[in-house]
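Observations on the model geometry
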Amino acid sequence: MSVRSYADFTTQATFEIKKCDVHKLDEAPATQVVMTRDEGLQYYRTMQTMRRMELKADQLYKQKIIRGFCHLYDGQEACAVGIEGGITLSDHLITAYRAHGYTYTRGGTVKEIMAELTGRRGGIAKGKGGSMHMYCKNFYGGNGIVGAQGQIFETYNMAALWKLPAIFVCENNRYGMGTSVERASASTDYYKRGDYIPGLRVDGMDVLCVREATRFAADHCRSGKGPILMELQTYRYHGHSMSDPGVSYRTREEIQEVRGKSDPISLLKDRMLSNNMASVEELKEIDVEVRKEIEDAAQFATTDPEPPLEELCNHIFYNDPPLEVRGTNPWTKLKSVS
Amino acid sequence: TFRVTVRDALNQAMDEELERDERVFLLGEEVAQYDGAYKVSRGLWKKYGDKRIIDTPITEMGFAGIAVGAAMAGLRPICEFMTFNFSMQAIDQVINSAAKTYYMSAGQQSVPIVFRGPNGASAGVAAQHSQCFAAWYGHCPGLKVVSPWSAEDAKGLLKSAIRDDNPVVFLENELMYGVPFEMSEESQSKDFTIPIGKAKVERQGNHITLVTHSRYVSHCLDAAAVLAKEGIECEVINLRTIRPLDVESIETSVMKTNHLVTVEGGWPQYGVGAEICARIMEGPAFNYLDAPVTRVTGVDIPMPYAKILEDNSVPQIKDVIFSVKKTLNV
């Protein structure tokens with residue numbers, strides 16, 4: 001095995017990325033961007049961790065160790081990682097049910113995320129939330145019910161009216177559960193749907209594209225210009241959830257094609273290797289480390305005990321004195337503390 | 001007899017009614033090409049096509065409103081909510097546009113619509129997907145609220161709901177979809193219906209009355225079997241309809257047994273059991289009670305995800321048995 005010192009690697013390189021389609025904007029995000037070796041390694045590690053975490057969740061679900069709903073993010077890694085690359089942890093983020101990736105980029109550990117999926121006391125929500133209800137600082141979940149259209153337009157209106165510094169992100173993975181976007185939307189140019197709100201359509205499979213667009217969007221907001229929309233064109237390899245095989249409304253060929261040509265992790269890997277920013281061995285080593293981290297997390301998630309029954313009724317109210325909660329019958333009185 | 005799952009019974013009901021009346025149609029998320037999120041509408045799109053089985057975008061307020069409008073204009077829509085939790089996105093249409101209109105128009109405008117879908121707890125679907133809406137919808141004048149248990153209930157009541165000229169909220173249960181039941185010969189007739197507003201005594205008994213609906217009918221029957229071994233004979237009443245409530249059937253039973261336990265999956269406060277208690281007190285059966293009515297309900301918390309917590313958040317058979325014994329003071 002050849003030993004290469006860090007001096008052998010390129011510390012940074014400039015990359016040509018796809019131009020974003022813009023709506024009501026005079027400028028667009030840059031198409032020539034710089035990525036450092038460190039950034040590349042970090043993005044690679046994060047996306048690989050996310051990927052392996054989701055695949056492990058798939059496994060655990062099939063073993064019935066994870067129950068209920070489980071909406072996996074594999075294929076969409078560049079979105080969460082790119083967005084986080086363009087903002088800071090002190091910004092605020094909220095998402096829908098396909099939330100595991102964001103929980104990770106927002107600061108949750110793989111251990112806590114997996115233990116939440118298996119419903120254990122070490123879970124990020126102490127086992128009480130499950131897959132769709134994970135939270136951490138400046139991350140508001142994880143939400144199960146999506147009111148797809150009306151509320152969004154109400155929000156666009158108020159955000160524009162009051163010039164709120166909000167980035168509205170649409171992860172367009174081509175399907176709403178089992179219905180393709182063409183069958184659900186009169187216009188599939190989601191980045192234009194903000195009407196008077198400017199918008200960007202971004203290649204959501206390219207982490208640099210997402211990062212650059214997010215930086216652009218964040219600048220727009222921070223400079224007081226009001227809200228902006230970002231449509232990330234992305235793809236999910238799994239079905240809508242673990243109860244959807246994902247092949248009744250799309251072909252296996254389509255899935256294979258995206259995997260072969262547009263996989264976000266492969267894209268990044270190819271870039272780094274062809275620009276001499278990392279070696280194959282180095283990336284393999286990261287893979288090994290990631291695999292271990294996931295295995296350890298899964299081990300924890302399957303052995304950590306379930307939450308204690310005494311805590312069943314806690315967390316009803318914040319900052320309130322303890323209260324009594326009715327159990328299943330009038331003789332069972334349970335305790336609830338904030 | 002025929003062994004049919006609740007899912008297939010619902011499917012049969014819709015199939016028969018779609019065939020019988022061309023004004024009937026089904027709309028909702030994934031009902032057509034996906035065969036239904038829970039496969040309840042399997043095969044219907046293939047048979048009836050785009051005009052009768054309609055896939056909607058994920059926009060409950062929008063498509064519920066469109067469905068109500070269609071009903072007002074003379075069609076007979078079946079509007080599916082993937083779960084009733086999602087109906088909260090559209091609840092203004094259900095209450096203000098559907099339920100109240102016949103009254104507000106002094107009888108000029110009827111709304112023959114059925115809102116159906118799974119209701120209540122499932123398995124591990126956590127807080128936002130596990131709520132029981134029987135009490136919320138049961139609260140509203142202008143709505144009929146139905147809650148079937150068995151396959152026969154499902155088929156007969158859904159057919160009645162579709163034929164009813166009023167808005168009906170039809171609360172199914174995801175955990176019951178796959179459960180098979182024996183169905184009677186007569187239930188195979190295309191005109192078989194079960195009247196809305198009439199409860200059914202599933203098991204006769206003299207010592208105590210158990211009143212329940214949906215999945216908990218199974219729990220009560222199981223509890224009754226265990227209690228019978230100890231010499232306690234329970235009468236189990238399957239409400240079948242939440243609104244209008246068949247108080248008479250409950251009263252008749254209580255006047256015989258002198259003891260009443262209500263069993264439901266929903267939260268206790270302002271719930272179905274609470275209503276039954278109030279109605280019993282207001283009527284003749286009160287004087288026949290030898291003990292206060294006991295309500296067995298879900299625990300008064302949002303539904304937790306972890307299995308041990310979830311299992312302890314809903315009534316179990318042992319809770320029913322415990323409550324029966326406490327009520328009988330044995």
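Residues numbered from 1 in each chain as written. Chains lettered and ligands numbered in written order. Predicted model: local features only at pLDDT ≥ 70, side-chain atom pairs only at ≥ 80, totals over all residues. Heavy atoms only, no water.

Quick notes on the overall build of chain A
Operational definition: Strands here are runs of E lasting at least two residues and helices are runs of H or I lasting at least four, both read from the DSSP assignment and numbered beginning at the N terminus. Radius of gyration means the value over C-alpha atoms here, while the globule rule gives 2.2 Å times the residue count to the 0.38 power. A simple rule labels every residue: compare its accessible area, found with a 1.4 Å probe on the protein chains alone, to the largest value its type can have, and call it buried under 20%, exposed over 50%, or partly exposed in between. When checking whether two residues touch, look at their non-hydrogen atoms; a contact exists if any pair is within 4.5 Å. Calculation of accessible area relied on Shrake-Rupley with a 1.4 Å probe; when residues are assessed, cover is drawn exclusively from the protein chains displayed. His is not counted, nor are the chain ends, whereas Lys and Arg count as positive and Asp and Glu as negative. Where a charge sits is defined by one atom per residue type, namely NZ (Lys), CZ (Arg), CG (Asp) or CD (Glu).
For chain A, the helix and strand inventory stands at ten helices and ten strands. In terms of overall size, chain A behaves like a compact globule, its C-alpha atoms giving a radius of gyration of 21 Å where 338 residues would be expected to give roughly 20 Å. Counting the 338 residues in chain A, one finds 54% classified as buried. Of the contacts made within chain A by residues no fewer than 6 positions apart, 68% connect residues no fewer than 24 positions apart. In the form shown here, chain A has an accessible surface area of approximately 15,700 Å², with 52% of it arising from carbon and sulfur atoms. Put simply, chain A has 43 plus and 45 minus side-chain charges, and the middle of one group is 4 Å from the middle of the other.

Considering the packing of helix α1 (residues 6-20) of chain B against helix α7 (residues 151-163) of chain B
All names here are of chain B. Heads up, the rule is: Fitting a line to C-alpha atoms yields each axis, with helices limited to the stretch in contact; the angle taken between N-to-C directions then spans 0 to 180 degrees. For classification, angles of less than 35 degrees are called roughly parallel, those exceeding 145 degrees roughly antiparallel, those between 65 and 115 degrees roughly perpendicular, and all remaining angles oblique. Crossing handedness is read from the near helix: turned anticlockwise from the far helix by less than a right angle, it gives a left-handed crossing, and turned clockwise, a right-handed one. Throughout this entry, Asp, Glu, Lys and Arg are counted as charged residues, while Ala, Val, Leu, Ile, Met, Phe, Trp, Tyr, Cys and Pro are counted as nonpolar. The remaining residues, Gly among them, count as polar.
In the contact formed by α1 and α7, the axes pass within 8 Å of each other and the chain directions differ by 30°. Taken together, the axes of α1 and α7 lie roughly parallel to each other. Note that α1 runs across α7; the crossing there is right-handed. For the pair formed by α1 and α7, the contact residues are V6, A9, L10, Q12, A13, M14, E16, E17 and R20 on the first element and A151, A154, K155, L158, K159, I162 and R163 on the second. Residue composition of the contact of α1 with α7, grouped by class: nine nonpolar, one polar and six charged.

Comments concerning the environment of T241 of chain B
Residues and elements named next belong to chain B. In plain terms, the rule: As used in this structure description, the phrase polar contact means that two N or O atoms lie within 3.5 Å; if the pair is within protein, one of them must be able to donate a hydrogen and the other to accept it, and residues adjacent in sequence are counted only when both atoms belong to side chains.
Assignment of secondary structure puts T241 in strand β12 (residues 241-243). Placed 17 residues apart in sequence, T241 and N258 show a C-alpha to C-alpha distance of 23 Å. When neighbours within four sequence positions are excluded, T241 is seen to be in contact with V145, V146, S147, I196, G197 and K198. Within the structure, the side chain of T241 is placed 2.8 Å from the backbone nitrogen of G197, a separation counted as a polar contact.

Regarding the UniProt feature "domain: Transketolase-like pyrimidine-binding" (unreviewed entry) in chain B
Keep this limit in mind: UniProt positions are given in the numbering used here, feature names are shortened, and annotations may be inferred rather than shown by experiment.
Per the UniProt record, "domain: Transketolase-like pyrimidine-binding" (unreviewed entry) is annotated on residues 4-179 of chain B. Along residues 4-179 of chain B one finds 36% helix and 16% strand; the C-alpha atoms at either end are 8 Å apart.

Considering the sheet that holds strand β7 (residues 199-203) of chain A
All names here are of chain A. To keep things clear, this is the line we draw: Pairs of strands are assigned from DSSP output, requiring at least two bridges between the strands.
Read across the open sheet, the four strands follow the order β2-β7-β8-β4; overall the sheet is mixed. At either end of the open sheet lies a strand with only one pairing partner, and these are β2 (21-23) and β4 (167-172). Neighbour-to-neighbour, the strand axes of the sheet open up by a mean angle of 20°, direction not taken into account. Sheet topology note: the β2/β7 ladder contains three bridges and is antiparallel. For V22, the partnering residue across the bridge sits in β7 and is L200. Helix-sheet contacts for helix α7 (residues 207-222) involve β4, β7 and β8 (228-233), and the interaxial angle to β8 is about 170°.

Brief notes about helix α4 (residues 91-99) of chain B
Among the residues of α4 of chain B, those classed as buried are Q93, V94, I95, S97, A98 and A99 of chain B. Next to the buried residues of α4 of chain B lie α3 (60-72), α5 (101-104), β5 (114-118), α6 (134-138) and β7 (168-172) of chain B.

Digging into the pairing of β8 of chain A
Residue and element names in this part refer to chain A. Cut-off, in case you're wondering: The definition of a right-handed crossover adopted here requires that, viewed with the strands pointing away, the path from the first strand over the helix to the second runs clockwise.
Counting buried residues along β8, five of its six residues qualify, which places the element largely inside the surrounding structure. Sheet analysis places β4 next to β8, joined by six bridges and oriented parallel. By the bridge assignment for β8, V169 is matched with M230. Both β7 and β8 contribute to a ladder of five bridges, which runs parallel. Residue pairing in the sheet places D203 in a bridge with Q233 of β8. A crossover connection joins β7 to the parallel β8 through α7; in handedness this β-α-β unit is right-handed.

A short note on the packing of aromatic side chains
Applicable threshold: Aromatic rings from Phe, Tyr and Trp, taking only the six-membered ring of Trp, are treated as a pair when their centres fall within 6.5 Å; an angle between ring planes under 30 degrees marks them as stacked, one over 60 as edge-to-face, and anything in between as tilted. Throughout this description, the term charge over a ring refers to an Arg CZ or Lys NZ atom that lies within 6 Å of the ring centre and within 35 degrees of the ring normal.
What the rule picks out here adds up to 15 aromatic pairs over all chains. Between F153 of chain A and Y156 of chain A, the aromatic rings sit 5.5 Å apart at their centres with planes inclined by 85°, giving edge-to-face as the arrangement. Of the two residues, F153 of chain A and Y156 of chain A are both situated in helix α5 (residues 150-161); the distance of three residues between them amounts to about one turn of the helix. Aromatic side chains F81 of chain B and F84 of chain B sit 5.7 Å apart centroid to centroid with 65° between the ring planes, which places their arrangement in the edge-to-face category. Comparing F81 of chain B with F84 of chain B shows no difference in burial state: the two are buried. One cation-aromatic arrangement involves K39 of chain B over Y34 of chain B; the distance from NZ or CZ to the ring centre is 4.1 Å.

Here's the deal with the side chain of H219 of chain B
Looking at the secondary structure, you find H219 of chain B in helix α8 (residues 216-228). Excluding residues that lie within four positions of it along the chain, H219 of chain B makes contacts with P315, Q316 and I317 of chain B.

Quick word on unusual backbone geometry
Note the cis peptide between R243 of chain B and P244 of chain B, where omega equals 0°. Turning to its location among the elements, P244 of chain B is positioned in the loop between β12 and α9 (247-257). Unusually for a residue other than glycine, K64 of chain A sits at a positive phi of about 65°. Locating K64 of chain A in the fold gives a position in the loop between α1 (37-62) and α2 (77-86). Looking at K64 of chain A, the relative accessible area reads 70%, which means it is exposed. With a phi angle near 65°, E30 of chain B is a residue other than glycine that sits in the positive phi range.

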